[in-house]
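For reference, the chains in residue letters:
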Amino acid sequence: SSGINAEYGAASCWWLSLQHDWKDGFEHDEKVWVSAHHSSHKTCHSYLTSSGPTDDNFTSKLVSGSEMEVSHMESKTFTRFIAPVLSCKLSPKNNPVSVDITSSGGLGAVTDGKDVLVFEGPSGNIRRTLTGHVADVGCVKFFPSNKVLLTGGGDMCVKIWSVEDGSCPVTLTGHTRAVTTLGMIGLGRHVVSGSLDGTIKTWVCGTQQCLSTISPQAGAINHVQIINNEQGTEDSALLLSVTEKGLLSVHDTAQGSGVVCTYQHSEELTACTSVNLNTLVAGSISGEIVTLDMRNPSQLLSSYKRSNYAISSIVRDNNRIWCSQRDGECYTINSDVTRDTGLLQCDTTLSGGDCDAILCLVAKSGVITTSSRDRMVRRYEM
């Protein structure tokens, strides 16, 4: 498998790419292209058919109609390519900036300008439209109950919706610029919002009060994540955030939102998640993915880079870390990075998009959903 060691920097990396519509190509008995890439080696190109490769540079195995395993012999690089089981254009004119699915994947929600479309996950059929924001919606997130939805938008508001009847009983106000990211603590009695105004607010849903405001003083808040969401409670949660000026920080709500750790990157950080209570992953505007230990954040565990396109999403699902980029790439990196190994590996890539920017990726219980600049929402099943 491909990867890089932190000692040698982010350039030492092999990775494979496959024609985006390879599944359709095989169904029509057509050849599809495959390539092996490395920043300091000549790219190796070849073709595959449903019965195998056309030369000895690659090996391939069609595992199912939606799954293909490919290996590059010279670099010993292996990648599993997954084709979407559903591709649908839910909005005819607006880019789906944010998407989320319920824990079972049965329902989804996607932005549509000022509205939010609630759709059936397996079929893509629109169930209802949520209307109430007065500016474009930028982020959506289901509550753990799967019956309530949280949204944030350019109108500086955070709204709570009933998915069952479309009502909006709660609107939270206090940000002074667009809401860019949302988080949920525990079962959702408290929610978190980040904004272009550079603040992170924790809200009490029942009273609609702002419990605390964190101001990292590092530009716009690009993403927030609850690190210990499974174990955390409303009174004790670790808030991970990344900002426009490259600051990664962790705050503890049990200590009055006190700072637990910080890491300063050389450029804007655009996405983040936690592997466990200690290991954090963040992505940058230039496509670099870094991992670090919260106990010693000044020394990176590893760094991985495919291209110069911005990382749009990093999410954890079971033992997988899914990453998406603005060049249309979606792939996994391993989640067991330590300072001893310093190694990030990629073994699974999602097909379907033809170089269109991935705007958002969400993964829950083996169901992955993406939204992209071609206005398509795609569903994958592992």
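Here the focus is the overall build of the chain. Regarding its fold elements, the chain presents one helix and 37 strands. Here the chain has a C-alpha radius of gyration of 21 Å; the compact-globule value for 382 residues is 21 Å, and the two agree. Projecting the C-alpha coordinates of the chain onto the three principal axes gives extents of approximately 65 × 45 × 30 Å. Put simply, the chain has 382 residues, and 57% of those count as buried.

The next subject is the packing of aromatic side chains. Overall, the coordinates contain two aromatic pairs when judged by the stated rule. For the ring pair Trp-22 and Phe-26, a centre distance of 5.8 Å and an interplane angle of 65 degrees mean the geometry is edge-to-face. Taken as a pair, Trp-22 and Phe-26 lie in helix α1 (residues 22-27) at a separation of four residues, close to a single helical turn. Relative to Tyr-331, the ring of Tyr-304 lies with its centre 6.1 Å away and its plane at 45 degrees, an arrangement referred to as tilted. Placement of Tyr-304 in strand β29 (residues 300-305) and of Tyr-331 in strand β32 (residues 330-334) is noted, with a sequence separation of 27 residues between them. Take Tyr-304 and Tyr-331: they sit in the same class, and that class is buried. Taking NZ or CZ as reference, Lys-31 lies 4.7 Å from the ring centre of Tyr-47, over its face. Its guanidinium or amino end placed over the ring of Tyr-331, Arg-306 lies 3.9 Å from that ring's centre, counting from NZ or CZ.

What follows deals with the sheet that holds strand β26 (residues 269-274). The pairing of strands in a sheet comes from backbone hydrogen bonds and takes either a parallel or an antiparallel form. The four strands lie next to each other as β26-β27-β28-β29, forming an open sheet whose pairing is antiparallel. In this open sheet, the two strands that pair with only one neighbour each are β26 and β29. Between one strand axis and the next, the sheet turns through 20 degrees on average, direction left out of account. As paired elements, strand β27 (residues 279-284) and strand β28 (residues 288-293) share five bridges and run antiparallel to each other. For Val-281, the partnering residue across the bridge sits in β28 and is Thr-291.

For the rest of this paragraph, the subject is the pattern of salt bridges. Applying the stated criterion across every chain, the model contains eight salt bridges. Salt-bridge contacts for Asp-100 lead to Lys-364; the nearest nitrogen and oxygen are separated by 3.2 Å. Of this pair, Asp-100 sits in strand β10 (residues 99-101) while Lys-364 is found in strand β35 (residues 358-364), placing the two residues 264 residues apart along the sequence. Residue Asp-100 is classed as buried on the basis of its relative accessible area, which comes to 3%.

Here we have four strands laid out as an open sheet, ordered β18-β19-β20-β21, and antiparallel in their pairing. Pairing within the sheet leaves two strands with one partner each, and these edge strands are β18 (179-185) and β21 (209-214). Put simply, the sheet's adjacent strands are angled 25 degrees from each other on average, direction ignored. Bridge analysis of strand β19 (residues 190-195) against strand β20 (residues 200-204) gives five bridges, and the strand direction is antiparallel. Pairing of Val-191 across the sheet is with Trp-203, part of β20.

The next subject is the side chain of Thr-273. Following the sequence through the fold, Thr-273 ends up in strand β26. Residue classification places Thr-273 among the buried residues on the basis of a relative accessible area of 2%. Excluding residues that lie within four positions of it along the chain, Thr-273 makes contacts with Gln-225, Leu-240, Leu-280, Val-281, Ile-314, Val-315, Arg-316 and Ile-321.

Moving on, we get to unusual backbone geometry. The phi torsion at Gln-208 lies on the positive side, around 60 degrees, for a residue other than glycine. For Gln-208, the location among the structural elements is in the loop between β20 and β21. Judged by its relative accessible area of 36%, Gln-208 falls in the partly exposed class. Despite not being glycine, Gln-217 shows a phi value in the positive range, around 60 degrees. Of the residues examined, Gln-217 reaches a relative accessible area of 67% and is grouped as exposed.

Further remarks concern a negative patch on the surface. On the surface, Asp-24, Glu-27, Asp-29 and Glu-30 cluster together into a patch of negative charge. For Asp-24, the location among the structural elements is in helix α1.

Attention shifts here to the environment of Val-158. Positionally, Val-158 belongs in strand β16 (residues 157-162). The class for Val-158 is buried, based on a relative accessible area of 1%. In this structure, the C-alpha to C-alpha distance between Val-158 and Ile-289, residues 131 residues apart in sequence, is 29 Å. Apart from the residues lying within four places of it in its own chain, the contact partners of Val-158 are Leu-150, Thr-151, Gly-152, Val-170, Thr-171, Leu-172, Val-179, Leu-182 and Ser-193.

Averaged over every residue, the pLDDT of the chain is 90; residues scoring 70 or more account for 91%. Counting interchain partners and residues more than four positions distant, the pLDDT-below-50 stretch residues 338-342 has 13 contacts.

The subject of this paragraph is the environment of Asp-21. Along the polypeptide, Asp-21 turns up in the loop between β2 (14-18) and α1. Considered as a pair, Asp-21 and Ala-109 are 88 residues apart in the sequence and their alpha carbons are 25 Å apart.

Rules behind the numbers
- Residues numbered from 1 in each chain as written.
- Predicted model: local features only at pLDDT ≥ 70, side-chain atom pairs only at ≥ 80, totals over all residues.
- Heavy atoms only, no water.
- Helix = DSSP H or I, 4+ residues; strand = E, 2+ residues; numbered from the N terminus.
- Rg over C-alpha atoms; globule rule 2.2 N^0.38 Å.
- Buried < 20%, exposed > 50% of the residue type's maximum accessible area, 1.4 Å probe, protein only.
- Phe/Tyr/Trp six-rings, centres within 6.5 Å; stacked < 30°, edge-to-face > 60°.
- Lys NZ or Arg CZ within 6 Å of the ring centre and 35° of its normal.
- Pairing = 2+ DSSP bridges.
- Axes fitted to C-alpha atoms, helices over the stretch in contact; angles between N-to-C directions.
- Salt bridge = Lys/Arg side-chain N within 4 Å of Asp/Glu carboxyl O.
- Contact = heavy atoms within 4.5 Å.
- Patch = residues over 30% accessible without salt bridge, like charges linked within 9 Å, V, L, I, M, F, W, Y side chains within 5 Å.
- Areas by Shrake-Rupley, 256 points an atom, 1.4 Å probe, with all protein chains shown as cover.
- Lys, Arg positive; Asp, Glu negative; His and termini not counted.
- Charge placed at Lys NZ, Arg CZ, Asp CG, Glu CD.
- pLDDT = per-residue confidence, 0-100.

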